[in-house]
Amino acid sequence: MLRKYILATSFVCFFHLAEAQQSEWFTINQAYKSGLELFEKKKYVAASEQFSRVEQSGLSPSSQPLPENEQISLLKENAQFYQAVCALELGNDNAESLFLHFIKENPASANTKSAYFQIGKSYFDRKNYEKAVEWFSKTEAGNLAGREADEYRFKLGYAYFVGKNYNGAEPLFAELKDGKSEYAESSIYYYAYLNYLAADYQTALREFERLKNSTRYRASYPYYISALYFLDKRYDDVLAYTIPAIETIDQQYKAEMYRIVAATYFAKSDFKSSLDYYLRFQNLDQGKTQNNQDNYQLGYIYVQQKEYEKAIKELEKMNTPDIHYQNGMIVLGSALIKTNNKQSARNAFFRASRLDFDPKLKEEGLLNYAKLSQELEFHTVALDAVQEFIKTYPRSTRINEAKTLLGEVLLSTRNFKEAVNILETIQNKNEESQMVYQRVTYFRGLEFYNERAFENSISMFMRSQNNSIDPEITALATYWLAEAMFEVRKYGESVTQFEKFLAMPAAKKTDVYNYANYALGYSAFQNEGYSKASNYFLRFLNGNDKDQNTIVDATLRLADSYFVMKSYDAAMAQYNKIIAWKSPGEDYALFQKGMIQGLQGQNDLKISTHEALLRQFPNSNYSDDAGFEIAYTYFVKGDNEKSKTDLQALIEKYPRSSYVPRALVTIGLVQYNGDENDAALATFQRVVQDYSTTDEAKLALESIKNIYLDKADANGFLAYANTTSIGNLSTSEQDNITFQAANNLFLKGDSQGAFDAINAYFDKFPKPIYEKHAKFIRAESLVKLGRPDEAIPDYTFILNDWTSDYTERALISISKLYLNQKKYNEAVVYLKKLETTSEYKANYSYAVNNLMEAYSNMNMPDDVLKYVKLVRAFDRASEDDKNRAGLYGGKAYLMKGDTTSAVKELTAVATKTTTATGAEALYTVANVQYQKKDYKTSQKNILDLVKRMESQDYWVAKAYILLADNYVALKDTFQAKATLQSVLDNYEGKDDVLPTAKSKLDQLNTKNK
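Structure report, in brief.

About the thresholds
- Each chain carries its own residue numbering, running from 1 in the direction its sequence is written.
- Predicted model: local features are reported for residues with pLDDT of at least 70 only, side-chain atom pairs are reported and counted for 80 or more only, and whole-chain, interface and lining totals are derived from all residues.
- With hydrogens and water set aside, each side-chain value is computed from the structure's full complement of heavy atoms.
- Structural elements are reduced to axes, namely lines fitted to C-alpha atoms, with helices fitted over the stretch in contact, and the angle between N-to-C directions of any two is expressed from 0 to 180 degrees.
- Elements are defined by DSSP. Helices are runs of H or I of four residues or more, strands are runs of E of two residues or more, and each kind is numbered from the N terminus.
- Any angle from 65 to 115 degrees is called roughly perpendicular, while one under 35 is roughly parallel, one over 145 is roughly antiparallel, and all others are oblique.
- For a crossing to be left-handed, the near helix must be turned anticlockwise from the far one by less than a right angle; the clockwise case is right-handed.
- Only heavy atoms enter the contact rule, under which two residues are in contact if any of them lie within 4.5 Å.
- Residues are grouped as follows: nonpolar covers Ala, Val, Leu, Ile, Met, Phe, Trp, Tyr, Cys and Pro; charged covers Asp, Glu, Lys and Arg; every other residue, Gly included, is treated as polar.
- Only the six-membered ring of Trp is used, alongside the rings of Phe and Tyr, when aromatic pairs are assigned; centres must lie within 6.5 Å, and planes under 30 degrees apart are stacked while those over 60 apart are edge-to-face, with the rest tilted.
- Two conditions define a charge located above a ring, namely a distance within 6 Å from the ring centre to NZ of Lys or CZ of Arg, and an angle within 35 degrees of the ring normal.
- Working rule for helices: expected span equals 1.5 Å times residues minus one.
- When accessible area is computed with a 1.4 Å probe and restricted to protein chains, residues below 20% of their type maximum are described as buried, those above 50% as exposed, and intermediate ones as partly exposed.

## Some words on the packing of helix α12 (residues 221-231) against helix α13 (residues 235-245)
Then comes step 1: One way to put it is that α12 packs onto α13 with a least axis distance of 8 Å and a crossing angle of 160°. Judged on the interaxial angle alone, α13 and α12 are roughly antiparallel. Note on packing geometry: the crossing formed by α12 with α13 is left-handed. Across from Y221, P222, I225, S226, Y229 and F230 in α12, the residues of α13 making contact are Y235, D237, V238, Y241, T242 and A245.
Then comes step 2: Looking at the contact of α12 with α13 residue by residue, the classes come out as 9 nonpolar, 2 polar and 1 charged.

## Details of the environment of Y300
Then comes step 1: Here Y300 is to be found in helix α16 (residues 292-304).
Then comes step 2: Sequence-wise, Y300 and N986 are 686 residues apart; in three dimensions their C-alpha atoms are separated by 74 Å.
Then comes step 3: Other than its neighbours up to four places away in sequence, Y300 contacts F266, F271 and V331.

## A short note on the packing of aromatic side chains
Then comes step 1: Taken as a whole and judged by the stated rule, the model has 78 aromatic pairs.
Then comes step 2: Centroid distance Y518 to Y522: 5.3 Å. Interplanar angle 90°. Geometry classified as edge-to-face. Of this pair, Y518 and Y522 both sit in helix α28 (residues 513-526), 4 residues apart, roughly one helical turn.
Then comes step 3: Each ring, one from F563 and one from Y568, has its centre 5.9 Å from the other, and the planes form 65°; the classification is edge-to-face.
Then comes step 4: Lying over the aromatic face of F378, R346 brings its terminal NZ or CZ to 4.2 Å of the ring centre.
Then comes step 5: The cationic tip of K775 hangs over the ring face of F797; the distance from NZ or CZ to the ring centre is 4.6 Å.

## With respect to the packing of helix α15 (residues 271-285) against α16
Then comes step 1: Two elements in contact, α15 and α16, have axes whose closest approach is 10 Å; the angle formed by their N-to-C orientations is 135°. In terms of axis orientation, α15 runs oblique to α16. Considering the relative orientation of α15 and α16, their crossing is left-handed. From α15, F271, S274, L275, Y278, L279, F281 and Q282 reach across to α16, where they touch Q293, D294, Q297, L298, Y300, I301, Y302 and Q304.
Then comes step 2: Residue classes in the contact of α15 with α16 are distributed as 9 nonpolar, 5 polar and 1 charged.

## As for helix α25 (residues 454-466)
Then comes step 1: Over its 13 residues, α25 runs 18 Å from end to end, which matches the ideal 18 Å to within 8%, given 1.5 Å per residue.
Then comes step 2: Those residues of α25 that sit buried are F454, S457, I458, S459, M460, F461, R463, S464 and Q465.
Then comes step 3: On its buried face, α25 sits against α23 (416-423), α24 (431-450), α26 (471-487), α27 (491-502) and α45 (824-837).

Everything listed here is a matter of geometry and, on its own, says nothing about what the molecule does.
As C-alpha cells, then:
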C-alpha cells in the first residue's frame, strides 16, 4: 500500500546491496527487503518482525566504510518508520508512540515530513475520522504539493464533515470544488450539502446542479435538487425534474422523493395527486420517517375528500409540537366534529390554542375550544375560554363572534345581565349575534318582570323584538312586553302588543297563545275598551289551553264587560254560569246579579238575591256591599225605617267598611226627611268628622248647610264649617292663591322669592293640593340659586310617581343638574329613563342628544356612536342636532383610534355649518392633522376656520393656539410667539384659552433665553 511512498534512498540502498551481496550487512538488507514485500502484501505482523530485525541488528554503521555506513543508517531509519506504519495498520496501541519516537529521533528525515499525513490517512482509511483529524492537523500543509495536497484537503474536510465540524469542512471543499483534481466532484457534492444544511439554498442548488452528469452521485443528488426546488417554491420545476428522477434515484432516496412530490402537489392544492404520492411514500417508508408535516398534509387531504376517519388516523400520529402539529390540531378538530366526536375535537382545539407557532391558529384553536365547551355544556370552562379570547384578542376579526359566544355562555348560565352588556358592545350584529341578543334580552326582560322592575323589562323586551330572528322568541317577547305595559298601566299599548302577538304565526306554538286572549281582555277592560275586552274574553273561553280558575275569572270579567256596556241580559247569563258552577266568585256573581236586577227596576228580586248572598256567604268580601244595597234599596222604595234599621245594623257589624260613611249619609237623609233635624245633624257631622277625606263628607257638609239654612243660621254653619278640614270654604281657595303667588314669582324669575313662598305654602298646608307642582318649582328654584344638591330630594319625590304631570320635566331637570356637575354616570340613569318613557318627542330628543354627549365625556365611544345613530334617525331632529351628532361621532371614532372615519365625520360637519359645532369640528380635524405632523394641511384648516367662522371667538382663539403649535413644529418660533401674543392681546373670554396661551408663550420665551 505504501510502496509509492518509499523514498529514493531506499532504491539507492537496493543498488549498493546488489553490488555488495557479500558485505557484512547483507543479512540486514535481506530482512529489510523481505519486510517491504510482506508490507506490500499487507502481512503487517510478518513485515513488522523483519523490520524489527533490521532495527535491532547489532551491526553498527560506524564500523562500516563511509558509503555503507550511510546505507545502514538509512535502512534502520526506514525500518523504524515502516515498523510504526505496520503497528498503525494492525491497530496496535503503541502505533502513535512509535511514530512519535521516530519523529523525535529522525527530525530531518523525509519520512518525518510525511509521517503525520501518513498516519492521518491510515486513520482516515479505517474511518477513524477523529484520529485522522488529530494527525492531519499536525501536518504542515505547506510541505505537501500537487495531488498529495488535494488529497490532504479533501480527507481532512471529509473527516471534519463526518465529525459535524461543518465550519472546518466547508472552506476545504470550497478550495477543491472548482479545481480539476480527482476530489473536485466529491467536494462539489459535500460543499452543496453543507450549504443545504446551512439553509443557503441558492448556493446549494447551484452546486448540486453541477452534478447532473455525475455517475458517482447520480443516486443521491437528484434528491437534493428536488428538495431545493421545493424549498424555493419552484413547484413546476419539482414536478418536471423529480418525477422522472425517481426512476433512477437510489432506493434509499425514493421514499423522500415521493414525499417531495406529494408535498409539491399539496402546495399546488392538487390534493388527489398529492395523496397518490403520499401513499407511495408511506408504502416505502413504513412509518420510519413520516413526520408532522406529512401527517398534517395527509390529514388535510383526507378532510378535503371527506374521508374523516382516515384523516383522524393520520393526524393522531402527531406528537411533537411544531407549526405542522398546531395546524394539524385545527384540522383534526374539524374532522372529529364531522364524526360527531366533539369531546376529542375540543381537546384538539385546546392543544392548538396552547401553542405559539402561529398566532392565528392559536386564536382559532381557543375560539373553537370555547365553542365546543359551550356545546358540550362545560359552561364554566367555556366562560373562562371565551373571556380569555376576548381579553387576548380584542382586535380580532372574530371578536364579535367571540362576544356572541360569550353571550350564549352567559345565557346558558342564566347570567342574562352580563350577556346583554357584552352583546351590546357589538355594533353591527350578524344573524347569529342577533339571535343570541334576542334571547338574552328576552330572558333579561323576564328577570326584570319577575323583580317587578317593569320599566326595565319593557326596554329589554323591545330590544328583543328589534332583533327578530327566532319567531317564537319574538312572539314571547311581544307577549311579555304587553304584560309589562299592563303593569305600568299603559293599557292602550298593552292592547296593541297583545294584538300584535296574536297575529304572529309563531304565537300559536307558545303555551301562552290562548292565555293572551285573556290578558288582552283585561288590558282592554282597563283601557275602557269594553267591547274589545268582551270579544277577547270570549275568544279565550272558546280556545284551548285554559284551566278552571282562569275560565271562572274570564267568565266574570266577560260579565263585567257586558255590565259596563249595559248589556244586562248578557251579563246576567255569565253571572248565572258562575252561580250554577258553584265556583269561586259565586258571591261576587250573586252581588252583581242583584245589582242588575235593581238596575232593571226589580228591587224586590235585588233584595232577595243579596239576602241569599248574605245567607250563603256570611263572611264574603261582598257582605257589606250586599248589606248596604239591601238597606239602600229599602230607602229607594220609601221604607225609611227598615232602611235605617238595616243601615245601623250594617254599621255595627262592619264598622271598618267603606260603606259606613254612605250608610251614615243615608241614615242622615232618612232622619232629615223624617224631620229629625237634630239627629240628622249629628249623623252628618259624624261623617264630616270621621270620614273627612271621602266624597260622602262633602255630601254630608252640603246636608249640614241645608239644615242650618233651614234654620236661617248661616253664621252658625260658617262657624261650624271653619272648624272642619273641608268646611272652611277659604281653605282650597287659600291653597290655590298661596300656590299661584309662589308660581308667579317663579315665572318672573325670582328664584329666591319662589323658594321662600313654596316653603311657606308647605308650612301652611301639610297636605297641599298642588304638592308635586310646588316641589318641582322649589327644586327648579334651588338649581337657579346654585344649590342643586338640595333640589335632588324634591325631584326624587316627583319621580316616585311615574304618572305625574311633572315626571318628564323632573327627569329633564335632574339629568341637566347632573350634566352641569359633570356627574355623567348619574345623569345617564335619568336620561335613559327619559329615553324609554317619554311621551313627548321633544323630551326624547333631549334624552338621546344628551346621552350622546354624556357618553362622549365618559369616553365610551361605542355608546356615543349608538346615540349618534338614534339622533340622526329621529324624525324631528334639527339640522343642528344632526351636525352635533356628526361632531360627537367624529370624537367617538378618535377615541377608538379610527382617525380616517373621524376626519370624514368632522369634515362633513365643518362643511355644513359655521356654528360653534362646525368650528369645533374643523378645529378637531386640524388638531388631528397636527398630531399626524401634517402641519401644512393643519394650518390650511385653521385659517379656513378663522375666515369662515370668525364669530366663534372661543374656537378661533383655540385655532390660533393650535396654529402656534404648528409654527413651533415647523421651527418658526417668531411666528409662534406672535400668534400667541395676539391671542393674549385680543381674547377676552374667562375660560382655558388665555391660561393656555400664556403658558405656551412663557415656555417659548424660557426656551429661547
